[in-house]
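Topology and contacts: notes
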Amino acid sequence: MHGRPRKAPKPEDLAASAAKAEKLRILQSQFLSNHHQKIYTKEAVELSSKLLEINPECYTAWNYRKLAVQHSLFESNLDPDSVNSILDQELRVVENALRQNFKSYGAWYHRKWVLNKGHSSTENELRLLDKLQNVDPRNFHAWNYRRFVAALLNRSDEDELNHTQNFIDKNFSNYSAWHNRSVLVSNLMKKKVQAFSRKDEVLIREYELVREAVFTDEDDQSGWFYHLWLLDQSVKAESPLLASSWPAHGSEITLSGDRYLDLGSSSPFNTYQFDSGLLPLILYFNQAVEGVNASTVTVSSGSNVNKDVIWKPILSNNSKTTQVWVGQLKFPEVELDSLGAYTIEVTLGHSQGIISSSGFHYSHPSHFSFTVHVQPAKTEPVEGLGSEKISWRDENFHIYEQDSLESNSVLPLDHLSIKNEREPTDSSWQAKIIDEEISNFRELLDCKIGKLTLARLLTARDALMSSDKPVHSEEVLRLYSELMKLDPTHSGFYKDEHSLVLLEKVISGRESLLSYCFRYRNLTSSSSSNPICLRLNGLSLSRLGSFEKLLWVQMLDLSHNELQSIEGLEAMQLLSHLNLSKNKFGSFTSLEPLRHLKSMKVLDLSYNEIGSRSIDTTRYLCSSPLCHSVGSEWDGSEIVTDDVSLVSYWEAFFILRGLKLTQIDIAGNAIADEKFTAFLAKVLPALKWLDGVQLN
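Residues numbered from 1 in each chain as written. Predicted model: local features only at pLDDT ≥ 70, side-chain atom pairs only at ≥ 80, totals over all residues. Heavy atoms only, no water.

Description of helix 16 (residues 491-508)
Selection criterion: Helix numbers and strand numbers start at the N terminus; a helix is a DSSP run of H or I with at least 4 residues, a strand a run of E with at least 2. A helix is expected to span 1.5 Å for every residue after the first. Burial classes: relative accessible area under 20% of the type maximum marks a residue as buried, over 50% as exposed, and values in between as partly exposed (1.4 Å probe, protein chains only). Residues are treated as being in contact if the distance between any of their heavy atoms lies within 4.5 Å.
Taking 1.5 Å as the rise per residue, helix 16 with 18 residues should run 26 Å; its terminal C-alpha atoms sit 25 Å apart, in good agreement. Among the residues of helix 16, Tyr494, Lys495, Glu497, His498, Ser499, Val501, Leu502, Leu503, Val506, Ile507 and Ser508 are the ones counted as buried. Looking at the buried positions of helix 16, the neighbouring elements they touch are helix 14 (448-464), helix 15 (473-486) and helix 17 (510-514).

Notes on the nonpolar core
Worth spelling out the cut-off: What is meant by a nonpolar core is a set of buried Ala, Val, Leu, Ile, Met, Phe, Trp, Tyr and Cys residues, joined one to another through side-chain atoms within 4.5 Å.
Core analysis: the largest hydrophobic core is formed by 134 residues, its most contacted members being Phe285, Leu556, Leu569, Leu578, Phe588, Leu591 and Leu656. Setting aside its immediate chain neighbours within four residues, Phe588 contacts Leu605, Ile610, Glu651, Ala652, Ile655, Leu656, Ile666, Ile671 and Phe676. The next biggest cluster of nonpolar side chains, apart from the first, holds 35 residues, and it includes Cys58, Val94, Leu98 and Val114.

Observations regarding the pattern of salt bridges
Stated precisely, the cut-off is as follows: We define a salt bridge as a side-chain nitrogen of Lys or Arg found within 4 Å of a carboxyl oxygen belonging to Asp or Glu.
Applying the stated rule across the entire model yields 26 salt bridges. Across the pair Asp232 and Lys236 runs a salt bridge, and its minimum N-O distance is 3.8 Å. By relative accessible area, Asp232 is classed as partly exposed at 35%. Members of the salt-bridge network, linked through shared partners, are Asp130, Arg146, Arg155 and Glu160.

Structural notes on the packing of helix 9 (residues 175-191) against helix 11 (residues 222-235)
In plain terms, the rule: Between the N-to-C directions of two axes lies an angle of 0 to 180 degrees, each axis being a line fitted to C-alpha atoms and, for a helix, fitted only over the stretch in contact. The scheme is simple: roughly parallel for angles under 35 degrees, roughly antiparallel for over 145, roughly perpendicular for 65 to 115, oblique for anything else. Left-handed is the label given to a crossing in which the near helix is rotated counterclockwise from the far helix by less than a right angle, and right-handed is the label when the rotation is clockwise.
In contact at an axis separation of 8 Å, helix 9 and helix 11 are set at 20° when each is read in the N-to-C sense. Here helix 9 lies roughly parallel to helix 11, going by the angle between them. For the pair helix 9 and helix 11, the crossing hand works out as right-handed. Across the interface between the two elements, Tyr175, Trp178, Arg181, Ser182, Val185, Ser186 and Met189 of helix 9 pack against Ser222, Gly223, Phe225, Tyr226, Trp229 and Gln233 of helix 11.

Some words on the packing of helix 13 (residues 428-441) against helix 14
Relative orientation of the contacting elements helix 13 and helix 14 amounts to 155°, with a least axis distance of 10 Å. It follows that helix 13 is roughly antiparallel to helix 14 by the angle criterion. By crossing handedness, the relation of helix 13 to helix 14 is classed as left-handed. Counted together, Gln430, Ala431, Ile434, Asp435, Glu437, Ile438 and Phe441 of helix 13 and Thr453, Leu454, Leu457, Leu458, Arg461 and Leu464 of helix 14 form the full contact between these two elements.

A word on the pairing of strand 7 (residues 322-330)
To keep it simple, the criterion reads: Only strands joined by at least two bridges in the DSSP assignment are considered to pair.
As defined by bridge partners, strand 4 (residues 278-290) adjoins strand 7 across eight bridges and the pair is classed as antiparallel. Considered in strand 7, the bridge of Pro280 is made with Gln328.

Section: the environment of Gln165
Here is the rule we go by: In protein, a polar contact requires one atom able to donate a hydrogen and another able to accept it; more generally it is a pair of N or O atoms within 3.5 Å, and residues adjacent in sequence count only if both atoms are side-chain atoms.
Structurally, the position occupied by Gln165 is in helix 8 (residues 157-170). In this structure, the C-alpha to C-alpha distance between Gln165 and Ala177, residues 12 residues apart in sequence, is 7.8 Å. Ignoring any residue separated from it by four or fewer positions in sequence, one finds Gln165 in contact with Arg181 and Leu209. Only 2.7 Å separates the side chain of Gln165 from the side chain of Arg181, close enough to count as a polar contact.

Encoded structure:
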């Protein structure tokens, strides 16, 4: 371990180890017998003490001692002195165990359990902690236990902050002390204690403190972690806010029924083709929230549009909170000689109920509106997108004319203009703090962590600007490129951050965004009615982001990148055509967000690495059919084809089976053999094209 060569044990050491192991086996056997028979005599309890002194990680023994204490306290009428004697004995057992292993979870939890019994030795606990922390000042178990004891004693956060400062003064390379400081400073700011009532003044003091540490030893990372926490405190909004929506504020949306498409002068940016009479309404918050429902979000219209919208969270994990919520607006059928136009007003935040994962309420009431035009269905269908094979070849895409009058319609799709009844507080102090930090850290560009911090500061500064276009993106991209060369061990992390900044730069400005917007035109069909395709292919992206600005996209080309995950793509609920070919996806589990994209019709997964890995390291992203989440409805006896069992491709089954795909390409992957293509044809009943071949 840690580069030390392993030496062959001496015979006497092997004998001693064998004797110790035999002794431990005898103790464990006797202890388990007592435990199973519920024997709580003095001798049995002492036996568990001996076992724990040798092996503090025996959780069963700690649980046994809890049962023994409960038995002594509730089975006998003991006086207070006897109760204290029993609890004191437990504390001594814990102390002996901690001498063997200062980082034993079971020992520390047992000590908390004893003190929760109301034992009155908490003052002694602080003295003991002082001794233990002098031996190992960075032990996070001791710091965690100290917070527990301080709460029992009702010690002030100011006193604990002074105690923590003493440890930082002795050695600023103390991760646990810096972490404890972040907890205490957060509590003091929330309580608005004197000298902590103004967040800007507090952060300025904390930046000065941690700057002294990082400039003293730039290679020590403990202070850098605290600086990263301060940066997060400087820029994040505590209360949740609506970041964007679809439809966007002020936009005019044209709806056309399935196969009946007559856009006239409508812009393809604002056209949505639907086949169910329902229009998705997407709310994208700046942080995960819960409580979005008909009572917290009001949808009103002067027509008979369904006002009782049922909101559903788009969850990519088992959390109860999510950034993306989707409701469905139902529109009446329009006759051939009429055109339906509806103005929709959406209001939220006027009643409490929307709460972030950190416990903050949506506190800035806001509303937005948009107009929906419903095109009348024609008696005869016309050929449109989806009725023929889609080819992603370059010659089928033509740059969208930037001087076109229609290009102006892309503007409201970039962002949502939220009209607040109560504007958020002024952020000039945040910009001032970040600017000062940027100035200071330009002096530390000779070390990798200095470059990384500067990149983060510049990114944060762009996020605070009122302008959508990031000013510092070029410098940030250069810093991450330098870091990839300077620190190749962590090049994957830098590559991901580089990708996020690049993507933000590409889609932030109107002119830049339009240069990536293309019309799809098949050689055999005039497809002027097709939606705009956003082509982000060939950008060497390894990670996706900025989804709040991409909610309007229906056709997306992400081919020829370096993606291994599409986490977050579930927010793009309008996606119907997606090209993920020639990336680095290793399994279907990395494509889990596709499950939530119910409008998906065309999917290209060709020439990835699906099925090439014997061990799927991303399996945790997609639940096993044996669990009670994604695979709760799995039937292991279900047969998909005559010779392929469902269990062979259960990852693909759960990702794809809810989609109404008409075209899929899977060629060039290790999994794409004859059996798998037969499986796809069976599990996707609407499929018309498979790897470019038309199905019967």
